[in-house]
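Each chain is listed here by its residues.
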Amino acid sequence: SCARNVGLTKSPAQLEYVHGYRSNGSHNNLFYTSAGEAVYPAASLGVVHNLKTKKQRDTSAGVHTKSVLCLAFDPSGTFLASVGGNDDHTVAVYDWQKGVLEGKTAGDVRRVSICKYNPHTGQLVTAGERHLKFYELKNKKLQGTKALYGKVGKGQSTVTALTFLGDKSTLIATKGGDMYIFEGTKASKYFPHMHKGPIYGLDYVEQGKEVFILTAGADGKIHLRNPYLTKVGNSFNEVIQVDLSEDRTEPKYELVVQGHTSSRAPHERLRQGTVGALDCSTNKPTYFTGGEDNSGNILAAGCKTGRVFIVDVKQSVVVNSFTASHQGLTQCRFSPCGKMLAVAGMDTNIVVYSVNNKYKTINTFHGHIAPVTNLDWASDSSTLQTNSSSMELKFWSIDEGAEVKQKQRMADVDWATWTCPIGWAAQGTWPKGATGAEYFPTCSRSNRTHWQDGESVLAAGTASGDVQLFRYPSDVGCAEGVSVTGHSGAVVNCRFTFNEKYLVSTSSDGCIFQWRHYEPQEGEEESDTEETDVREQYDNKTSSQPSQVVRSGYVEGSPSYVSHGGGIPDPYKNHSLQELGMMRGVTSPLTGKQCLTQIGTPAGWAADARTYSSPEEGLELEWVYGFRGHDGFQNIAGAPGDKVVYHVGAMGVVLDPEAKAQVYVTDDPMGSGSLRGNTEDILSLAQHPNQKYHATGEVGPQPKIVVWDATAGAPHALRVLHGFHRRAVVSMAFSSSGQYLASLGMDDDHSVAIYDWDKEMLLATSKGDKNRLFHIAWSPHDGTLLTTGVKHVRSWGRLGQSSIKKGTRLSKKSLVLKPKGELQTFYTSCFPDADCAAVGTKRGDIYIFRAGKLASVLPVAHAGGATALYSTLDGTVYSGGRDGSVKTWDLKKAAPIRKVQVQTSGIRTVVPTVRSIYANSREDILVGTDAGEIVRVRGASKEPAVLVQGHGKGEVWGLALHPMKDVMVSSGDDGTLRVWNTTTNELVGAVMLTPKMKVPVGGDAGESGKNVKQLPRNAVRAVECSPGGDMVAAGMVSGEVHVLQLDTLAVAKTICDREAWISSLRWSPDGALLAVGSHSNVIDVYDARAGFKKVIPVSESWSGRQLHVDDHALVEDCGGGNEMGEFGLGARLWWQWWGMGGWWKAVVVVCSCKGHSSFISQMDFSKDGKVLRSNSGDHEVCFWYMPGSTGVVGKQLQNASDTFNMMWTSCTCTFAWPVLAIYSFDSDGADINSVHMSPSGHSIATGDDYGKVKLFRCPALGAPPTVYGGHSSRITGVRFNRSGKLLFSTGGDDTAVCKWRVTSVSSKRAVATNLEDVHSSVATKSRRFAEGADHPDLGPVAVGVLRLEYHYPPLEGDIDHEDSYGYK
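The structure displayed is predicted, hence computed values, not measured ones.

**What about the overall build of the chain?**
Regarding its fold elements, the chain presents three helices and 101 strands. When the 1368 residues of the chain are sorted by exposure, 54% land in the buried category. A fraction of 49% describes how many contacts in the chain between residues 6 or more apart in sequence connect residues 24 or more apart. Within the structure as shown, the chain displays about 59,600 Å² of accessible surface, and the carbon and sulfur contribution to it stands at 50%.

Right, here's the structure in full:
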């Protein structure tokens, strides 16, 4: 008996790829999008196919209840015409936006297959079988006029294609290969024999003064008269791209989409093509298909003729063939042992052949009364089960050679596959009232392992074209299933691939669908007070989950989008437009203007030929700062050549300390369809016994394990293991032979999995523990597998010494602790010898187990906990702990041989926790700490040498570049500010900043604490270097701003005016002002020359007037003179010589800019320092008067148009003219966190929520960007250095700081030859400017300094521009 939850499976499948293209029965149904993607129908889907990446997207199922043969929009886009598949082929015209039928009429009793609007006259034309009509819509009536052939040509013909010429005439092509031109409704010209056979493709192109007509016919020829790319459909269900742009005589042909061809019987009018045969390889990501096109090229193919072909797939050669029946074959399946082949067909018989005996007959089973439809083998190859079209279920014994009549004997049979829809395991899938096989022609069970977490899945294909997913077995009552749609014909076969990654389905519509399992994020949390739970990071992770958006309307002709779903605004993240009650194009409650109308095009700007092309610069990853050591264990390793292997972000890193060089393995977002590396945060690392191969496991809904070669010059993924684990892969270990890989997941059961990694095959799984587990280790001596965690230390037996078979059952056993030990948290383990294990504990002891029992204890080896253990093959044990020490142990003496103390570089007061240890020998030890550093200990007397440095736990946000030196400054939630030499890539200084104010973090009053992610009070999330390079300002989450001397990192001034997160800092061009933006929605501006005091704006006639400092009123009569007046509350006024008149005046330098309704996100100063531009979380763009301007200091500019022609010292605002088109159409405006313009003005760099660095041509007005991976978290900052040759990016949660080399994509020769032209142009413009030719309104104004700058693209070699051209 069996009791089981028969509820809905957790989630459906996601359609990933469609093989095939619907060409039969239709014409001219293949197009390009404006982005150059191919659009075509397949089954009931519309497919958008990216020709570069070979990926498909936006496939959506059709919902027509009756066939619609063709569609056409009118030139204005207002009306949509359609032709139905009913008897009179009704022609209808709709106002589709209003959903109103404007008119309809009968088309023809003959088939109508084409409808098009004349783009010049707006007239609708339909064509088909001996049919050609012209329509007019008047007063809601659609009237058609038949075409008049007269004496031109052969008379009325079947039209297969039509287009319209520039003189408004109509050009048609016929089934006979002829072509006609119609003027109005009358034929005027006839062109015979343009193709041998039907012409299916016809197009008309105008390019300047040239005109081209393109035709494509059933004879396989394309007649082209121009060098342009064209669209071609053919009758083999394939899409071919033809490129004649380079050479007309030798065109390039590229097969874009391939499928099975169609067959056509003499009495059939349409081509039909069922893909009926399907099977998946048992050990490779390959599947085989066969259809009615008689292709037959599969491993064992049964054909309609009754003949069986045995194919050597590698050689693509038929190695054997024989006749199994005189009727068609329906089933062909090898036994699990591989020694037998079972064949069944329309003659109702099942024949079993001997593979090893040249396919001689072993048994022939008779008994079915109808054709056999499904067949399965038992796992031991002793029994068959079959279904027939008459709903029969029968069992057959191979040994007895007869039918098994006693069905109870089959109750406990273990079936290798389950494809029979009629049977015990599938009986719950049938709907009520089902009477025949028209409901579920086929089904398939996932291959013995779990396709989804905690359950096996049964997929069933229906006659209506759906694929339904059920729990396996669906044995009780009527189970609920989840349907996925796309096929337009009956699903005749479905199979899971061997590694559970995909479900493949075939259909009578001729298409093959490849489905990938998809599961929504889970929200469960499991707390552990001892360690930071990575699942919190995953559950809150949005880097690879763009928010769902809905269209809100149109703004200036373009669609506008907002996030779907509301909520309380969170001040610790960017808000969606909907959360703030605002949308693009909607009037701002603050300014009374539309949000984006405050950005305008500079005068004189005009688009050129390069405006909408990709950027001329590219990026190459040159260095990555940091190491993810704060939440993983034993995740560093050594490699041949004295190299170090570790990970940060989504990158596996190989460091050569001597050469000071790094290589990386990560995914390339713009690469081909093959995965090159991890795409999410890497959490764990394991080393193969050969020290060449390494495995990295990541965080994610279905995290991947990537195996790669660290010795390769350009490492890339060798194998990818995917589909079993959930949330994260916590730890991994290779077997001593290197054949197997064990992994530990972060699902609710912390499951253990064992893979044959080279075959990408999951061999065994088991639940680990409900408590959190940290580490898995595999003994190199005896194959013992051990897991450790919270109140968990268990052995899984000796594995890997011999072959591990698929389906092996794993069993665990707790190690015996008493009487010497106690149950507690166990961190990591190692194996000094056979039958011996060392385990580190929370209390700092090291437990030594022998034969599964606690044999001895090394007491208090590390104060606070023994967090890292490693042993070499000679039995030496190395340990590290929370006390920052690393000890080398002699277990025989139970005493440490050596002790080394590790400290955080630059911050000696911080004691790091040792999380990872790797040793080649007693004299060469690598140590990884939670401070993001890796140190090497060599020799008995040498101090630890720091190899890798980075930020510790928390996000990295602050990023600034020195204006004159090769120096970069970063800061993060670990409370540190770090200074880096970008030439040597070394840390040259670090300081821990501590907040002085004791206020709760969470912003100003009124913010709901429960909706705020509590951040460390010492988190430093904004930094900015002064223009002189002598100071750096650091803003903290606590609301404090520290101004430090950059050379000594001594704090010169601390500002404590706000109690909310400081989110943005910006110095004025002369360094006199510091603007501070915060989550108080206010910008405070300070004067650096007056000790960063706040001074109040006053009028010119100010003596005895009321002054305001932070809303406190003060009255003071200062009188005159040059003395300093003190006004209390820290407010200070001073005097200076001001203006041409030489009179004294009180100068107001600092103000508070109040007006934003959300937190300040970015700021930029104008080049003259008189205007400040700011963005906020609700996407507002504001401009503020600064000292020296004509307006009131601290007030907003009333007319944004006054700023359109302003020059800015930087471009970091995400809403500004140069960055208008950096957002995608599905963006809510909050997914871009940082932007920066290169000093040359050629490129715009952006960092987004999805971990991608993008490079746009500047200004970004719609040209496609280049995209770069490596980060795994939202990118919080991007900045070019002063020369523009380097770009830096910070990765938030991944703690990585990446250094990118900016490369030139354009031709160096072309740039060099254009220098003279540039010089001439600039010189001419400078003369005209000096003479006032272009600016007559300036009048006789004295120009004090005229500085002309032109920044050349970087060139290799030394070119002295100043000597050559006389200017910079």
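**Let's talk about the sheet that holds strand 8 (residues 91-95)**
Taken together, the four strands give an open sheet; going across it, the order is 6-7-8-9, and neighbouring strands pair in antiparallel fashion. Only two strands of the sheet have a single partner each, and these edge strands are strand 6 (68-73) and strand 9 (100-105). Averaged over all neighbouring strand pairs, the angle between strand axes comes to 20°, with direction disregarded. Pairing analysis gives five bridges linking strand 7 (residues 79-84) to strand 8, with the strands arranged antiparallel. By the bridge assignment for strand 8, Leu-80 is matched with Tyr-94.

**Notes on the nonpolar core**
Note on soluble globular proteins: their nonpolar side chains tend to be buried together. Counting 51 residues, the largest nonpolar core has Leu-619, Val-624, Val-645, Tyr-646, Met-968 and Leu-1287 as the members making the most contacts within it. Excluding its chain neighbours within four sequence positions, the residues that come into contact with Val-645 are Asn-635, Ile-636, Ala-637, Ala-639, Val-653, Val-654, Leu-685, His-694, Trp-708 and Ala-710. Counting residues in hydrophobic clusters, the runner-up holds 24 residues, among them Tyr-40, Val-47, Val-467 and Val-491.

**Brief notes about the confidence of the model for the chain**
When the pLDDT values of the chain are averaged, the result is 77; 74% of them are 70 or greater. Within the model, the stretch residues 1-11 combines pLDDT values under 50 with 35 contacts to residues more than four positions away or in other chains. Note on residues 1307-1368: pLDDT under 50 across the span, and 36 contacts to partners over four residues away in sequence or across chains.

**A few points about a nonpolar patch on the surface**
There is a patch of nonpolar side chains on the surface, built from Phe-73, Tyr-94, Trp-96 and Leu-101 and spanning about 400 Å² of accessible area. With respect to the helices and strands, Trp-96 occurs in the loop between strand 8 and strand 9.

**Observations regarding the environment of Lys-818**
Here Lys-818 shows up in the loop between strand 62 (813-814) and strand 63 (826-833). Along the backbone, Lys-818 and Ala-855 are 37 residues apart, and their C-alpha atoms lie at a distance of 9.8 Å.

**Structural notes on the sheet that holds strand 36 (residues 402-403)**
With antiparallel pairing, the four strands of this open sheet are ordered in space as 33-34-35-36. The outermost strands of the open sheet, each flanked by one partner alone, are strand 33 (372-377) and strand 36. Pairing between strand 34 (residues 383-388) and strand 35 (residues 393-397): five bridges, direction antiparallel. Paired with Asn-387 across the two strands is Leu-393, which belongs to strand 35.

**A closer look at the packing of aromatic side chains**
In this structure the tally under the stated criterion is 28 aromatic pairs. Seen from their ring centres, Trp-605 and Trp-1217 are 5.2 Å apart, and the 75° between their planes marks the pair as edge-to-face. Of this pair, Trp-605 sits in the loop between strand 45 (558-563) and strand 46 (617-625) while Trp-1217 is found in the loop between strand 94 (1181-1185) and strand 95 (1232-1237), placing the two residues 612 residues apart along the sequence. Taking relative accessible area as the criterion, Trp-605 reaches 34% and is therefore assigned partly exposed. Ring geometry for Phe-1183 versus Trp-1208: centroids 6.0 Å apart, planes at 35°, classification tilted. Residue Phe-1183 is located in strand 94, and its partner Trp-1208 is located in the loop between strand 94 and strand 95; the two are separated by 25 residues in the primary sequence. On the accessibility criterion, Phe-1183 (6% relative accessible area) is buried. Within the aromatic cluster, the residues linked to one another by ring pairs are Phe-134, Tyr-149, Tyr-180, Phe-182 and Tyr-190. The ring centre of Phe-633 lies 4.1 Å from the NZ or CZ of Arg-915, which sits over that ring. The cationic tip of Arg-1173 hangs over the ring face of Trp-1208; the distance from NZ or CZ to the ring centre is 4.3 Å.

Cut-offs applied
Residues numbered from 1 in each chain as written. Predicted model: local features only at pLDDT ≥ 70, side-chain atom pairs only at ≥ 80, totals over all residues. Heavy atoms only, no water. Helix = DSSP H or I, 4+ residues; strand = E, 2+ residues; numbered from the N terminus. Buried < 20%, exposed > 50% of the residue type's maximum accessible area, 1.4 Å probe, protein only. Contact = heavy atoms within 4.5 Å. Areas by Shrake-Rupley, 256 points an atom, 1.4 Å probe, with all protein chains shown as cover. Pairing = 2+ DSSP bridges. Axes fitted to C-alpha atoms, helices over the stretch in contact; angles between N-to-C directions. Core = buried A, V, L, I, M, F, W, Y, C linked by side-chain atoms within 4.5 Å. pLDDT = per-residue confidence, 0-100. Patch = residues over 30% accessible without salt bridge, like charges linked within 9 Å, V, L, I, M, F, W, Y side chains within 5 Å. Salt bridge = Lys/Arg side-chain N within 4 Å of Asp/Glu carboxyl O. Phe/Tyr/Trp six-rings, centres within 6.5 Å; stacked < 30°, edge-to-face > 60°. Lys NZ or Arg CZ within 6 Å of the ring centre and 35° of its normal.

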